[in-house]
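Structural features, examined
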There are 2 protein chains.
Amino acid sequence: MFRSHTCGELKINHVNTQVTLCGLLQRSRNLGGMTFIDLRDRYGITQLVFNMDVNAQLCEQARTLGREFVLKVTGTVAERSNKNAKMPTGDIEINVTAVEVLNESLTPPFTIEENTDGGDELRMKYRYLDLRRPSVRANLELRHKVAAETRTYLNSQNFLEVETPVLIKSTPEGARDFVVPSRMNQGQFYALPQSPQTFKQLLMVANFDKYYQIVKCFRDEDLRADRQPEFTQIDCEMSFVEQEDILKMFEGLVRHLFKNVKGIEIPELSRMTYADAMKFYGNDKPDIRFEMKITELKNMDSESGEEQLWKGAGDAFKVFEDAQYIAGICARGCASYTRKQTDELTDWVKRPQIGATGLIFIKHNSDGTATSSINKFFNEDELKKICTHFKSVPGDLILILAGEKNKMQKALSELRLEIGERLGLRDRSKFSAHWVIDFPLLEWNDDVKRWHAMHHPFTSPKIEDIDLLKTNPGQVRANAYDMVINGVEIGGGSIRIHNKELQQTMFEVLGFTSEKAQEQFGFLMNAFQYGAPPHGGIAFGFDRLCALFGGADTIRDFIAFPKNNSGRDMMIDAPSAIDDEQLKELNIYTRK
Amino acid sequence: MFRSHTCGELKINHVNTQVTLCGLLQRSRNLGGMTFIDLRDRYGITQLVFNMDVNAQLCEQARTLGREFVLKVTGTVAERSNKNAKMPTGDIEINVTAVEVLNESLTPPFTIEENTDGGDELRMKYRYLDLRRPSVRANLELRHKVAAETRTYLNSQNFLEVETPVLIKSTPEGARDFVVPSRMNQGQFYALPQSPQTFKQLLMVANFDKYYQIVKCFRDEDLRADRQPEFTQIDCEMSFVEQEDILKMFEGLVRHLFKNVKGIEIPELSRMTYADAMKFYGNDKPDIRFEMKITELKNMDSESGEEQLWKGAGDAFKVFEDAQYIAGICARGCASYTRKQTDELTDWVKRPQIGATGLIFIKHNSDGTATSSINKFFNEDELKKICTHFKSVPGDLILILAGEKNKMQKALSELRLEIGERLGLRDRSKFSAHWVIDFPLLEWNDDVKRWHAMHHPFTSPKIEDIDLLKTNPGQVRANAYDMVINGVEIGGGSIRIHNKELQQTMFEVLGFTSEKAQEQFGFLMNAFQYGAPPHGGIAFGFDRLCALFGGADTIRDFIAFPKNNSGRDMMIDAPSAIDDEQLKELNIYTRK
């Protein structure tokens, strides 16, 4: 037994107790007659006292100990004269009688402090030191808690956690697979799963009724910021359910997590159709912590084929005349923006990531008047009509974009988030969770001139839309849903196809030959012939969920050993070359 | 909502309730006026009744439904006239008023029954049907329970579950790695972990104090019976601990599991040294559900260099004269074995898997006399002396092997287990758990003429044996331990080296050049320079543990989707060929 207590637990009631603690030296202060050392372990920090008058030799020894030295100390708990209310152990200190150095330490390449002086690259290389920083450890402790509470809830709902295989079969549909050459079956490869999708469906065919797994998944993608080649999902599937049953069950899960991890009671989740999400927020994962909906002025792409929502002298304005789509948002209280500020916003929307050609402003001034950056095309009456259409009040600033619909919706979505951020409406400690439903089943891929599954090829169309599959595939809605929290897609799923014929039709629509469908998914379609129950499910991005709960934007600090944007583990230096002998055994060759 | 209840929950108090159930048709009996259907879901079976007199059309419809059809039925719960006490729902049945066929089924290729008519290969191919069998599902439910209780215990002990990466770096030490070609870093490879060993040690360097993970591991081995290329470990590590702390903590874990999964209170675990395990049981994972220890007659390999434990006229017996090692076991009550039985046992030990050249019998007859298969070399007095040495009683049969020590120990171990099995001493519902400790640190590998780490290269030698490392490596004992239950190694671990210099010495002893050591484990040795705490851990074979709790010998039925002995998933047909395009992107080639 190395220690009697941890560095986080000693309180005033331990005074006079003899204790043995182990930990790392956080910092050391030599005050002449006294030396103080802060000893740190996972559980906290305890102050150690060495007194020249009491034991000069020990005190001298203490002064030789450097940062991050591993110590075992014995001493007596004493009340501090000078208490520190900010520290859980701030009422006490240890009068040390013996110190053993369990291990020494070089000076770490960066400070093990909340605000470290280490850059990203250095902290990735010495990840084991970065993980010592209390904030990074707290992220991993949060992750542990989220996983534990996820299991508590799902176990209580009769879900079975079942491990599905990691060495599976490559399927070209979807993202790129990582592959694993087989030595025992040369020329053949396993693939690492992008998700356990087919296996969880097979577990439903197996009559397992309710399945979940917190599981690693893999995608060999060119890594955008904050993507990892290996990531973790909470993967779930249920039988004999309709969409409503799944929404209820997993609304229950996130409410349980908010309550038990964050101590927050969130209200029931609202629901929004995909169509409304696009119309009012310009994207399918709206952040509804704040209102600021998109208001359309013109939408040539509407149901009626042409819709001029607002008519005025602006018809003379060529930009409006030509636009497929004109819409904007109303920024509350921003009428006072200066010319410099509006110019800067214009530059912001013109950046290639946003892609607008310009930004039109209408100021609903606090005196009730309206002025605009396009004054020459509109008289004040006309501007006021626009203000009424936007439901602005004096003091508001209306921001309008015009152009190609899809592009402008995306731009308005980004602009809305940016203005929300600037107005402080996106508070990371506030949470707003909701469902987006009624996604389209298919989306057209213009590169390869064929329909792609928006979710995946196993998603069920809505029964009432099935007839459209062969006539107007783009109009078919799916029984698919996403859970969105604070503008982040946290989870998504669907009711699946459980019928061989419909699955075959779906593969046809997606342009699979029946041979290709059979080769890749034959086992699933065969399984459907043996009494597959109706089923559906959902998968949550676990890394993202943890980051959200931790109030962070990036997932990297919620993963113990993340990879960098080139897919490289900087700490262990992987991937790396392997022995020729290994390659020979696998019968594979690389071209130098 | 598809159903109001499951097929496992309706009782007598539900009588007259209108219910809707969903499930698969287990069997159907047409009794003329009545038709009975057993409807099965994950939770149980409920009897459905269709009556020609009440609704002829519905009854006719019911008669068209085949095995494994997926049904949704509505009806009223009624008390059975003819109750079935063996079924949880045996008090009631459902008078059905409506049936909807949710999906049809082809006739399954084997029966979905406890004793199925399907062979191994067929059941692997249609694994989703095999998983429908209640006994197979029960295995996976047990697995879920063992995992859940493992987490409950470790969470209560302040362990943090931390996910370590799956895409890591290949290390030639140990078994063969599966590798994953990197597309973004061409010519380089990731490896799949054989265990998270180095990462859990780095988590200790990171001051995480207590870590665990239930984690998939991978080994590209030629598969012996009951090995899987991917398998699951309960992986644990602790800081500031001595061996004793770890033994106590994980003794706590298995006792918790036995109590909460099996409802069995097992006693505290006894401990046995590796030396005693080899001497008395001939292997390092003895089954101590029964005694039947090995008794040595001669051991030339003992400490004293030569030991003749028993001397008699048998010296004239050339086999004994030449043998390095003579030892045997005493089979209680087997003196009545016939010539046929002893001949069969002799053939058994001569099989190549056992490898003995013969088997010597001494019968301690029930009349007190002793007779032997080698009567001509021993008089009765001498035989009786042997009986005394073996502590046999009248009615016992002594079985003796002679030859090369290691080989004969292995053979005696097998013989002991075989006799134990024949005598019914290896009851699968009885459990005996114990620790084997004080393993040797190193073992000599005669093929490559160098020392290998018996556990792994991070295992700490016993402090008192460190000086022997350079003089007599074979004598160095490790702070290593295995947990053995019913003769199966369920878990193993060690106190680790936490000091850079000792780790370097260890790599030297193992024949690593310092360049090779730096290249492969540099990150770990570097980490040790920054204040690594003393630490140690253990890993349990989770699949094996589940099989043991399930009273089975093979792990395969405790894995949802296992691979066969060629590492092939028969259901999805993996591994398989992949597109040339994929290989090209990876810049790897296979030789046809």
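Residues numbered from 1 in each chain as written. Chains lettered and ligands numbered in written order. Predicted model: local features only at pLDDT ≥ 70, side-chain atom pairs only at ≥ 80, totals over all residues. Heavy atoms only, no water.

Before going further, it helps to examine the overall build of chain A. In terms of helices and strands, chain A carries 16 helices and 23 strands. Within chain A, contacts between residues separated by at least 24 positions form 66% of all contacts whose residues are at least 6 apart in sequence. In the structure as shown, chain A presents an accessible area of about 24400 Å², 47% of it carried by carbon and sulfur atoms. Computed over 75 positive and 84 negative side-chain charges, the inter-centroid distance for chain A is 3 Å. (Helix = DSSP H or I, 4+ residues; strand = E, 2+ residues; numbered from the N terminus. Contact = heavy atoms within 4.5 Å. Areas by Shrake-Rupley, 256 points an atom, 1.4 Å probe, with all protein chains shown as cover. Lys, Arg positive; Asp, Glu negative; His and termini not counted. Charge placed at Lys NZ, Arg CZ, Asp CG, Glu CD.)

Looking now at the packing of aromatic side chains. Throughout the structure, instances matching the rule amount to 34 aromatic pairs over all chains. Here Tyr530 of chain A and Tyr126 of chain B contribute two aromatic rings whose centre-to-centre distance is 5.8 Å and whose plane-to-plane angle is 80°, an arrangement assigned as edge-to-face. With Tyr530 of chain A in the loop between α14 (514-528) and β22 (535-541) and Tyr126 of chain B in the loop between α2 (120-125) and α3 (127-130), this residue pair bridges two chains. Judged by its relative accessible area of 9%, Tyr530 of chain A falls in the buried class. (Phe/Tyr/Trp six-rings, centres within 6.5 Å; stacked < 30°, edge-to-face > 60°. Buried < 20%, exposed > 50% of the residue type's maximum accessible area, 1.4 Å probe, protein only.)

All names here are of chain B. Structurally, Asp465 is set in the loop between β19 (450-453) and α12 (468-471). By relative accessible area, which is 7% here, Asp465 ends up buried. Among the polar contacts listed, one links the side chain of Asp465 to the backbone nitrogen of Arg477, at a separation of 2.9 Å. Excluding residues within four positions of it along the chain, Asp465 makes contact with Gln475, Val476 and Arg477. (Polar contact = N/O pair within 3.5 Å; in protein donor to acceptor, adjacent residues only side chain to side chain.)

So, about empty space enclosed by the protein. Going through the model one piece at a time under the given rule, you end up with 10 cavities of 30 Å³ or more. Quantified by volume, the largest cavity comes out at close to 580 Å³. If you trace the largest cavity, you find 36 residues lining it, with Ile214 and Val215 of chain A together with Arg151, Ile214 and Val215 of chain B closest to the centre. Of all elements in the fold, only α4 (134-156) and β9 (210-218) of chain A together with α4 (134-156) and β9 (210-218) of chain B reach the threshold of two or more residues within the lining of the largest cavity. The element contributing the most residues to the lining of the largest cavity is β9 of chain A, with six residues. Here the lining of the largest cavity is built from residues that sort into 18 nonpolar, eight polar and 10 charged. Of the pockets and cavities examined, the second largest cavity occupies roughly 110 Å³. Sort the elements by how many residues they give to the lining of the second largest cavity and strand β10 (residues 230-239) of chain A lands first, with three residues. Residues of the lining of the second largest cavity, tallied by class, amount to six nonpolar, three polar and six charged. (1 Å grid on protein atoms, 1.4 Å probe; cavity = no way out; pocket = protein on both sides within 12 Å on 5 of 7 lines; lining within 4 Å. Points joined across faces, edges and corners; volume = space filled by probe spheres on them. Nonpolar A, V, L, I, M, F, W, Y, C, P; charged D, E, K, R; others polar.)

Once that is clear, we can look at the side chain of Lys169 of chain A. Summarising the element assignment, Lys169 of chain A is placed in the loop between β6 (160-161) and β7 (179-181). Buried charge Lys169 of chain A goes without a salt bridge, the closest partner of opposite sign being Asp573 of chain B at 4.6 Å. A polar contact of 3.2 Å, which involves the side chain of Lys169 of chain A, links it to the backbone oxygen of Glu519 of chain A. At a separation of 3.0 Å, a polar atom in the side chain of Lys169 of chain A contacts the main-chain carbonyl oxygen of Ile572 of chain B. When neighbours within four sequence positions are excluded, Lys169 of chain A is seen to be in contact with Ala191 and Glu519 of chain A together with Ile572, Asp573, Ala574 and Ser576 of chain B. (Salt bridge = Lys/Arg side-chain N within 4 Å of Asp/Glu carboxyl O.)

With that settled, the discussion passes to helix α1 (residues 56-63) of chain B. Residue and element names in this part refer to chain B. Those residues of α1 not exposed but buried are Leu58, Cys59 and Ala62. For α1, the buried positions fall inside an angular range of 100° around the axis, keeping them on one side. Tucked inside the fold, the buried residues of α1 contact β2 (34-41), β3 (44-51) and β5 (92-103). In this structure Asn55 caps α1, since a side-chain oxygen of it lies 3.3 Å from the backbone nitrogen of Gln57. (Arc of directions from axis to C-beta.)

Moving on, we get to the interface of chain A and chain B. Each partner contributes to the interface: chain A provides 125 residues, whereas chain B provides 125 residues. Joining chain A to chain B, the criterion identifies 12 salt bridges. For Asp209 of chain A, the salt bridge is made with Arg3 of chain B, and the minimal N-O distance between the two is 2.8 Å. Taken together, chain A and chain B are joined by 61 residue pairs in polar contact (both at pLDDT 80 or more). Per element, the largest residue contribution to the side of chain A that touches chain B is eight residues, and it comes from α4 of chain A. Residue classes in the side of chain A that touches chain B are distributed as 64 nonpolar, 27 polar and 34 charged. Alignment of strand β23 (residues 588-590) of chain A against strand β23 (residues 588-590) of chain B, held across three bridges, turns out to be antiparallel. Bridge assignment links Tyr589 of chain A to a residue of β23 of chain B, and that residue is Tyr589 of chain B. (Pairing = 2+ DSSP bridges.)

For the rest of this paragraph, the subject is the pattern of salt bridges. Counted by the stated rule, this structure contains 93 salt bridges over all chains. As a salt-bridge pair, Lys430 of chain A and Asp427 of chain A come within 3.6 Å of each other at their nearest N and O atoms. The class for Asp427 of chain A is partly exposed, based on a relative accessible area of 31%. As a salt-bridge pair, Arg339 of chain B and Asp343 of chain B come within 3.1 Å of each other at their nearest N and O atoms. Within this pair, Arg339 of chain B and its partner Asp343 of chain B are both found in helix α9 (residues 339-350), separated by four residues, close to a single helical turn. Within the structure, one salt-bridge network assembled from shared partners comprises Asp120, Arg123, Arg127, Asp130, Arg133 and Asp557 of chain A.

Turning to the relation of the copies chain A and chain B, a few remarks are in order. Take chain A, turn it by 180°, move it 0.0 Å along the axis, and it overlays chain B with an RMSD of 0.2 Å. Considering both components of the superposition, the chain copies are consistent with a two-fold axis. (Least-squares fit on C-alpha atoms with pLDDT ≥ 70 in both.)

Our next topic: the domain arrangement of chain A. When the parts of a complex come together, some accessible area is lost, and that lost area is often used as the size of the interface. Under the domain assignment, chain A is made up of domain 1 (12-103), domain 2 (136-272 + 433-559) and domain 3 (290-422). Between the C-alpha centres of domain 2 of chain A and domain 3 of chain A the distance comes to 38 Å. (Domains from an automatic or database assignment.)

So, on to α4 of chain B. Its 23 residues give α4 of chain B an end-to-end C-alpha distance of 32 Å, which sits within 8% of 33 Å, the value for a rise of 1.5 Å per residue. Trailing α4 of chain B by a residue or two, Asn158 of chain B shows a phi angle of about 75°, which is positive. (Expected span 1.5 Å × (residues − 1).)

A word on the sheet that holds strand β20 (residues 480-485) of chain A. All names here are of chain A. Within the open sheet, the eight strands sit side by side as β6-β9-β10-β22-β21-β20-β17-β11. Their pairing is mixed. Because the sheet does not close on itself, it has two edges, and the strands there are β6 and β11 (270-273). Relative to β22, β10 runs antiparallel, the two being bridged by seven bridges. Looking across to β22, one finds that Glu237 is bridged to Gly537. Sitting on the sheet, helix α15 (residues 542-549) is in contact with β9, β10, β20, β21 (488-495) and β22, with an inclination near 105° to β10. (Axes fitted to C-alpha atoms, helices over the stretch in contact; angles between N-to-C directions.)

Residues and elements named next belong to chain B. In this structure, Val215 sits in strand β9. In this structure, the C-alpha to C-alpha distance between Val215 and Asn526, residues 311 residues apart in sequence, is 26 Å. When residues no more than four places from it in sequence are discounted, the contact partners of Val215 are Pro196, Phe231, Thr232, Gln233 and Asp235.

The next point concerns the environment of Leu10 of chain A. Residues and elements named next belong to chain A. The topology assignment puts Leu10 in the segment before β1 (18-30). For Leu10, a relative accessible area of 0% corresponds to the buried category. Taking the C-alpha atoms as reference points, Leu10 and Ile94, 84 residues apart in sequence, are found 9.6 Å from one another. Not counting residues within four places of it along the chain, the set of residues in contact with Leu10 comprises His5, Val19, Leu21, Val77, Pro88, Thr89, Ile92 and Ile94.

The subject of this paragraph is the pairing of strand β1 (residues 18-30) of chain B. Residues and elements named next belong to chain B. Looking at chain direction, β1 and strand β4 (residues 70-79) are connected through seven bridges and run antiparallel. Residue pairing across strands places Leu24 opposite Val70, the latter belonging to β4. Pairing of β1 with β2 involves six bridges; the strand directions are antiparallel. If you follow Ser28 over to β2, its bridge partner there is Ile37.

A word on the sheet that holds β1 of chain B. On the basis of which strands lie adjacent, the closed barrel formed by five strands has the order β1-β2-β3-β5-β4 (chain B) and mixed pairing. Taking each pair of neighbouring strands and ignoring which way they run, the sheet shows an average axis angle of 55°.

A few words on the packing of helix α9 (residues 339-350) of chain A against helix α11 (residues 405-422) of chain A. All names here are of chain A. Two elements in contact, α9 and α11, have axes separated by 11 Å at closest approach and are oriented at 140°. In terms of orientation, α9 and α11 fall into the oblique class. For the pair α9 and α11, the crossing hand works out as right-handed. Within the contact between the two elements, α9 uses Glu344, Leu345, Trp348 and Val349 and α11 uses Glu414, Leu415, Glu418, Ile419 and Arg422. Across the contact of α9 with α11, the residue classes tally to five nonpolar, no polar and four charged. (Parallel < 35°, antiparallel > 145°, perpendicular 65-115°, else oblique. Left-handed = near helix turned anticlockwise from the far one by under 90°.)

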